[in-house]
Amino acid sequence: MTSRLSLFFITLLLLLSIALRNPILFLLGALMALVAGASALWGRYCLAGVAYDRRFGSTRLVCGEETDVWVEIVNAKPLPLAWLKAEDEVPAELTLERVALGPGSAPNRRLLTNLFSLRWYERVRRHYRLTAARRGAFDFGPVGLSSGDLFGFQNRHTKIARQHTVLVYPKIVSPEGLGLRAARPGGEHLAQRRIIADPLRLAGTRDYQPGDSVRHVHWKATARRGALQTKVFEPSASRQLILCLNNQTRQNAYEGVMDDDFETALVVAASVARAALEARHPVGLFTNGAVREAQHRLRLPASRQDTQLVHILEALAQLSYFTLMPFEALLQIEAPQLPYGSTVIAVSALVNEAILSKLLDLRAAGHPGALIVVGQTVLESPPDLPIYFVAKNWTDLEALELD
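What counts and how
- Residue indices follow the written sequence of each chain, beginning from 1 at its first position.
- Where local features are concerned, this predicted model is filtered to residues with pLDDT of at least 70; where side-chain atom pairs are given and counted, the filter is 80 or more; whole-chain, interface and lining totals use all residues.
- Values shown for side chains rest on all heavy atoms present in the structure; no hydrogens or waters enter the calculation.
- Each helix is a run of H or I in the DSSP string that is no shorter than four residues. Each strand is a run of E no shorter than two, and both are numbered from the N terminus.
- Exposure is judged per residue with a 1.4 Å probe applied to protein chains only, and the accessible area is read against the type maximum: over 50% gives exposed, under 20% gives buried, and values in between give partly exposed.
- Whether two residues touch is decided by their heavy atoms; if any such pair falls within 4.5 Å, the residues are in contact.
- Whenever a helix is involved, its axis is fitted only over the stretch in contact; in every case the axis is a line through C-alpha atoms, and angles between N-to-C directions fall within 0 to 180 degrees.
- Convention used here: angles under 35 degrees read as roughly parallel, angles over 145 as roughly antiparallel, angles from 65 to 115 as roughly perpendicular, and any remaining angle as oblique.
- By the definition used in this description, the sense in which the near helix is turned from the far one sets the handedness, with an anticlockwise turn below a right angle giving left-handed and a clockwise turn giving right-handed.
- Centres within 6.5 Å are what make two rings of Phe, Tyr or Trp a pair, Trp counting through its six-membered ring; a difference in plane orientation under 30 degrees is then read as stacked, over 60 as edge-to-face, and the rest as tilted.
- Polar contact is the term for a pair of N or O atoms within 3.5 Å; when the atoms are in protein, one must be able to donate a hydrogen and the other to accept it, and sequence-neighboring residues count only if both atoms are side-chain atoms.
- Only strands that DSSP links by at least two bridges are regarded as paired with each other.

Engineer: Give me the overall build of the chain: which residues, what numbers.
Structural biologist: A tally of regular secondary structure across the chain gives eight helices and 22 strands. In the chain, which comprises 403 residues, the proportion classed as buried is 47%. At a minimum sequence separation of 6, the contacts of the chain that also span at least 24 residues come to 72%.

This is the structure:
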């Protein structure tokens, strides 16, 4: 209606009506000119002053929790909008109740479509209920806006890069039925004595063992005895717990990931971490994978600060499936950096001789601990190492029961 040909036709019609002195023809031309002007005005300014926003009751959820989501759109100009279409990209893994979502432009993406009619300076808000069905870091947005004139001659489109990220923490279950005392999954050895060394309290020396930190070598005693000697410290009151999580679920990383086993391992790690922190033990988390958009593997040093559980849960929420190194390589790299006596709890769906050998080496170096195996893995000849099994899938876990 506002093309050059249309404008030429309207101008010609007006001139012809004036030349013929025909009021009806002039009225028709004026009406067409008015429609063309209104169409051009709407087409040019329909999306000016339009703002789109989302508001969440919470952007940090535990798997299974619900929260409120509000979509708000504002027409901050004196020009009303006969129609405005908003297509917001939302993650398919999260559930929005009482709304039908259309297919998105990418896998695991859906479109939340809303159609509005806005007066001048009007604000419209719509409410939804969001259910966190599974763990992960989920992005909302961008949103595409479309509008135009009342007659359908002009349409304008734009994309707003307004994104929000919702973190869904792994499900956390009670450590009931562990067969161990709560927050002591390293066995009775962990409960019997204080095992974390205090570097300020030197108790004596002993022969150097593979895996001991070079920083703890006692050079004067080494010179007297003619053999490497390692400092032995008096134990402190805190038991340091290191959670080592294996991202790899198949023997060969290129074979892909067993999704349920991976998610179950994360539930176990999160549950043990919370139980240990509630018992006031310093807890650290090491994995052979990385959080999304990170280049290095996840490594959280041990701490018992009030924010440590939040840091661990946020890291587990963003942990990707990609494996950066074999699990046995991770254990070998971390071994020299572990404080003497720290308890190592390995959580893995994959168990092989290399992993068991490294865990036994850690025990020999003074790091008591255990292996928690998730999935249906069966060991033919269990080694001299506490091993526990979580056979249930993460969706069925109500308590952390180890066999």
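So, next bit.
Engineer: So what's going on with the packing of helix α7 (residues 327-334) against helix α8 (residues 353-364)? Which residues, and what values?
Structural biologist: Direction vectors running N to C along α7 and α8 enclose 20°, while the axes themselves pass 8 Å from each other. In this view, α7 runs roughly parallel relative to α8, as classed from their interaxial angle. Relative to α8, α7 is oriented so that their crossing is left-handed. On the side of α7, the interface is formed by Phe327, Glu328, Leu331 and Gln332, while α8 contributes Ala354, Ile355, Lys358, Leu359 and Leu362.

Engineer: Outline the packing of aromatic side chains, listing residues and values.
Structural biologist: Applying the stated criterion to the full structure yields two aromatic pairs. Geometrically, the ring pair formed by Phe56 and Phe140 is edge-to-face, given 5.1 Å between the ring centres and 70° between the ring planes. Residue Phe56 is located in strand β1 (residues 50-56), and its partner Phe140 is located in strand β9 (residues 136-140); the two are separated by 84 residues in the primary sequence. Of the two residues, Phe56 and Phe140, both sit in the buried class. For the pair Phe262 and Tyr321, a centre-to-centre distance of 4.9 Å together with 80° between the ring planes defines the contact as edge-to-face. Taken as a pair, Phe262 in helix α5 (residues 259-278) and Tyr321 in strand β19 (residues 319-323) lie far apart in primary sequence, 59 residues in all. The partly exposed category is assigned to Tyr321, whose relative accessible area is 33%.

Engineer: Before we move on, can you summarise the environment of Arg129 with the specific residues and values?
Structural biologist: Within the fold, Arg129 resides in strand β8 (residues 122-131). Sequence-wise, Arg129 and Phe56 are 73 residues apart; in three dimensions their C-alpha atoms are separated by 9.7 Å. Apart from residues no more than four positions distant in its own chain, Arg129 is found in contact with Glu66, Thr67, Asp68, Thr95, Leu96 and Glu97. Among the polar contacts made by the side chain of Arg129, one reaches the side chain of Glu66 at a distance of 3.2 Å.

Engineer: Report on the environment of Asp68, specifying residues and quantitative values.
Structural biologist: Mapped onto the fold, Asp68 is located in strand β3 (residues 66-75). You can call Asp68 partly exposed: its relative accessible area is 22%. The spacing of Asp68 and Phe56 is 12 residues in sequence and 5.8 Å in space, taken between C-alpha atoms. Not counting residues within four places of it along the chain, the set of residues in contact with Asp68 comprises Arg55, Phe56, Gly57, His127, Tyr128 and Arg129. Engagement of the side chain of Asp68 in a polar contact is seen with the side chain of Arg129, the distance being 2.7 Å.

Engineer: Lay out the pairing of strand β4 (residues 81-91) with the relevant residues and their values.
Structural biologist: Examined bridge by bridge, β4 and strand β7 (residues 109-118) share nine bridges and lie antiparallel to one another. Residue Val90 lies in a different strand from β7, and its bridge partner there is Arg110. Relative to strand β10 (residues 143-148), β4 is paired through five bridges, and the arrangement is antiparallel. Residue pairing in the sheet places Leu84 in a bridge with Ser147 of β10.

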